[in-house]
Amino acid sequence: MREEIYWSCIDLFPQETEEHNRIFPFYNHLKEGRLTTTRCTACNAQAWPPRVVCPECMSDKLEWVDLPTQGLLDTFTIEEVGVPLGFERPLIHGLVKINDNLTLFSRIVDTKPEELREGMAVMLKVIPIDRERVIYAFKPQE
Amino acid sequence: MRRVAVIAGGMCKWGVRNATVRDMIGEAGKECFGSCPGLRPKDIDGLLFSTAFFEKNQFQTHSAPLAAEILGIKPTNLIGKVELLCGSGTTAIHLAYTHIASGYSDMVMVVGADKLYLPDKQETFFNLQAACDRDFDCIHGLGVPPPLFAMIAKKHMKRYGTTEEQMALVAVKSHRNASRNKFAQFQNVVTVDEVLGARPIVRPLKLYDCCPVTDGAAAVVLAAEERAKDFTKDPVYILSIAQASTHKNSANMPGWTEWDHIMISAPKAFERAGLKPEDVDVAEVHDCFTISEIIECEDLGFCRKGEGGEFVEKGLSDFGGQVVVNPSGGLLSCGHPFGATGERQASELFHQLRGDAFNQVEGARIALQHTMSGFCSDSSITIYGRDV
């Protein structure tokens, strides 16, 4: 299915499909519940966010690797003023440590501020934003 | 390399302005030219314009020639727009400096402007989401970074024992200083209790811990030493510049309570100027949030790591202390139209070293400008001096 044509500069979210974006597998993987990034097959460096060229050695021979979909909530904060259109208020921002090398800034969803504590276990939540596109967030582990 | 001086500096009234970017460029240019008797637009051979949101908020590209036209400048050596979000103006100053030092221009106006108040406030918050990594950070609702600095504050409090009261003291100092600065957005004095009791923005940051949304413009003129001496016997020189940038995406930020971009650039700036942190008399640092000024005082070397809270508590960053930090009122009280903050800081320090600032630091000879930008990504540092 083709994406609808519209003025993309007023869209909060990136163009995710193969027609527009060379890292489209990242979004396809998200739809399968997988959080992935690229690793260089030449020098083995793993990048975040995903790339089309390795920032360490400039090779374009990259492969997709799975990242953990569970992590620990390192710290969090609640945004009460200035929450942008399209996001619920209060907006919960968290730092999610998914392994020793990668801590992701992410929205924390499906919870209330008073239920959160530093160090708690969280898991990937894939959120549809329209008929074709998805974004990721984290939610408390069930 | 030729020596480069600042010979003029000025800003328009900052705040919620019933004025366009074009209007404010004109006002700031008038103040800037007015600060240097005899200086005329036709003396200028280069112009750099810094702005972060003119393209997004007012739908205007190719903006440097517009700024030049407004100010009656017809550049024959240098023209362009510079953008590094909050560091746009300072970066433009650095580029003008190198252009003049290398002999390609003689006299460059650096002017910055942004208008962030739009008829519907939601449009501003929406547009500000262009600032972080759009595809991987902004999708989480992350705009300009209050949430980031709230997390930094929490981590600094946990690691070093910094308190909300110490952060409040930064805001109290800022507002008191700005109360005498007629160009600042705020002239209201606040107390520690008022700062602590203000409404939360992103906890633990409350209203006065955060710089406001601002419309504004500011300008400085840089000149080669020999041209500067046509206008003044005692120029304010740029002694050194330095920059560093560590990341864009939030996950690639090297440290939360230690800022590598300062720890890389500040020693270079001091070494290039042949100075040490204790030599600085007056500083304008990037107090986008109260916690920022505390960490910057540490990482610039004004105090030891982790003691930034005590530094402000003991009055060491105030008049009569070790170094007067943000005598203008800083970003917290002057406001922060991103693309113009660098020129405002530079203009303040030019006036401090010339001896005619609103809150004059008596006998100031060495001044430091620090501007941070992005998701706590970059630092741009300029050291200025007089009688050197």
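Up top is the structure these notes are about.
The sections below set out a description of the structure shown in this document.

Digging into the overall build of chain B
Right, so step 1: Along the backbone of chain B there are 14 helices and twelve strands.
Right, so step 2: Overall, the C-alpha framework of chain B stretches about 55 × 45 × 40 Å when taken along its three principal axes.
Right, so step 3: For chain B, the proportion of contacts with a sequence separation of at least 24, taken over those separated by at least 6, is 77%.
Right, so step 4: Entry remark: accessible area of chain B is about 13300 Å², with carbon and sulfur atoms responsible for 51%.
Right, so step 5: Put simply, chain B has 39 plus and 47 minus side-chain charges, and the middle of one group is 2 Å from the middle of the other.

Concerning the interface of chain A and chain B
Right, so step 1: Listed by partner, the interface residues are 40 residues for chain A and 32 residues for chain B.
Right, so step 2: Taking both partners together, chain A and chain B bury about 3000 Å²; carbon and sulfur atoms supply 60% of that area.
Right, so step 3: For the chain A face of the interface with chain B, the top three residues by lost area are Leu12, Val81 and Phe105 of chain A, together amounting to 21%.
Right, so step 4: Applying the counting criterion to the chain A and chain B interface returns three salt bridges.
Right, so step 5: When the shortest N-O distance is used, the salt bridge between glutamate 118 of chain A and lysine 158 of chain B registers 3.2 Å.
Right, so step 6: Remark: the boundary between chain A and chain B carries ten residue pairs in polar contact (both at pLDDT 80 or more).
Right, so step 7: For the side of chain A that touches chain B, the secondary-structure elements that each account for two or more residues are helix H1 (24-31), strand S3 (70-79), strand S4 (91-99), strand S5 (102-107) and strand S7 (134-140) of chain A.

With respect to the pattern of salt bridges
Right, so step 1: Tallying each qualifying case throughout the model produces 35 salt bridges over all chains.
Right, so step 2: Its salt-bridge partner being arginine 344 of chain B, residue glutamate 284 of chain B comes within 3.2 Å of it at the nearest N-O pair. Taken together, the residues span a long stretch of sequence, with glutamate 284 of chain B in strand S9 (residues 282-284) and arginine 344 of chain B in helix H14 (residues 341-354) at a distance of 60 residues.
Right, so step 3: The exposure class assigned to glutamate 284 of chain B is buried, which follows from its relative accessible area of 0%.
Right, so step 4: Arginine 344 of chain B gets classed as buried once you look at its relative accessible area, which sits at 2%.
Right, so step 5: One network of salt bridges, in which partners are shared, links Asp11, Asp130 and Arg133 of chain A.

Points about the environment of isoleucine 294 of chain B
All names here are of chain B.
Right, so step 1: Following the sequence through the fold, isoleucine 294 ends up in helix H11 (residues 290-299).
Right, so step 2: Classification of isoleucine 294 as buried rests on a relative accessible area of 1%.
Right, so step 3: What isoleucine 294 contacts, discounting residues up to four positions off in sequence, is His156, Thr162, Gln166, Met167, Val170, Gly308 and Gly309.

Considering the sheet that holds strand S3 (residues 78-82) of chain B
Residue and element names in this part refer to chain B.
Right, so step 1: One open sheet accounts for ten strands, arranged S3-S2-S4-S7-S1-S8-S12-S11-S9-S10; its pairing is mixed. In this open sheet, the two strands that pair with only one neighbour each are S3 and strand S10 (324-325).
Right, so step 2: One ladder, built from two bridges, connects strand S1 (residues 4-11) with strand S8 (residues 236-245); its direction is antiparallel. By the bridge assignment, valine 6 is partnered in S8 with valine 236.
Right, so step 3: The sheet contacts of helix H1 (residues 21-34) involve S1, strand S2 (46-50), strand S4 (107-115) and strand S7 (215-224), and relative to S7 the element is tilted by about 40°.

Considerations on the side chain of serine 250 of chain B
Right, so step 1: Among the secondary structure elements, serine 250 of chain B is positioned in the loop between S8 and helix H10 (260-273).
Right, so step 2: Beyond its immediate stretch of four places on either side in the chain, serine 250 of chain B contacts Phe105 of chain A together with Asp137 and Phe375 of chain B.

Description of the pairing of S5 of chain A
All names here are of chain A.
Right, so step 1: Burial of S5 is extensive: five of the six residues sit out of reach of the surface.
Right, so step 2: Relative to S5, S4 runs antiparallel, the two sharing six bridges. Residue pairing in the sheet places leucine 95 in a bridge with phenylalanine 105 of S5.
Right, so step 3: Hairpin connection from S4 to S5: two residues lie between these consecutive antiparallel strands.

Concerning the nonpolar core
Right, so step 1: Counting residues in hydrophobic clusters, the biggest one holds 94 residues, and the most contacted among them are Ile7, Leu47, Met109, Phe149 and Ile152 of chain B.
Right, so step 2: Look past the residues within four positions of isoleucine 7 of chain B in its chain and what remains in contact with it is Cys36, Leu39, Met107, Val221, Ala223, Ala228, Phe231 and Phe350 of chain B.
Right, so step 3: With 36 residues, the next largest nonpolar core counts Phe26, Val96, Leu124 and Ile135 of chain A among its residues.

A short note on the state of the cysteines
Linking two cysteines covalently via their sulfur atoms produces the bond known as a disulfide.
Right, so step 1: Summed over the entire model, instances satisfying the criterion amount to zero disulfides over all chains.
Right, so step 2: Cysteine 12 of chain B forms no disulfide, and the closest cysteine sulfur to it belongs to cysteine 334 of chain B, at a distance of 12 Å.

Reading guide: rules and limits
- Residue numbering note: each chain is counted from 1, following its sequence as written.
- Each chain is given a letter, starting from A, and each ligand a number, starting from 1, according to the order in which they appear as written.
- Since the coordinates come from a predicted model, pLDDT governs what is reported: local features require at least 70, and pairs of side-chain atoms require 80 or more to be given and counted, while whole-chain, interface and lining totals use all residues.
- Excluding hydrogens and water, the side-chain values take into account all heavy atoms of the structure.
- Numbering of helices and strands runs from the N terminus; a helix is a DSSP stretch of H or I covering at least four residues, while a strand is a stretch of E covering at least two.
- In this description, contact between two residues means that some pair of their heavy atoms is separated by no more than 4.5 Å.
- Residue-level accessible areas treat just the shown protein chains as cover; the underlying method is Shrake-Rupley with a 1.4 Å probe.
- Counted as positive: Lys and Arg. Counted as negative: Asp and Glu. His and the chain ends are not counted at all.
- Where a charge lies is defined by one atom per residue type: Lys uses NZ, Arg uses CZ, Asp uses CG and Glu uses CD.
- When two parts are brought into contact, each loses some accessible area as probed by a 1.4 Å sphere; the total of that loss over both is the buried area.
- By convention in these notes, a salt bridge is any Lys or Arg side-chain nitrogen within 4 Å of a carboxyl oxygen on Asp or Glu.
- In protein, a polar contact means a hydrogen-donor-capable atom and an acceptor-capable atom, both N or O and within 3.5 Å, with residues adjacent in sequence counting only if both atoms are side-chain atoms; elsewhere, any N or O pair within 3.5 Å suffices.
- Exposure is judged per residue with a 1.4 Å probe applied to protein chains only, and the accessible area is read against the type maximum: over 50% gives exposed, under 20% gives buried, and values in between give partly exposed.
- One bridge is not enough; two strands pair if DSSP finds at least two bridges between them.
- Each axis is a line fitted through C-alpha atoms, taken for helices only over the stretch in contact, and angles between the N-to-C directions span 0 to 180 degrees.
- Working definition of a nonpolar core: buried Ala, Val, Leu, Ile, Met, Phe, Trp, Tyr and Cys residues. They are joined through side-chain atoms within 4.5 Å.
- Here, the term disulfide refers to a pair of cysteine sulfur atoms separated by no more than 2.5 Å.

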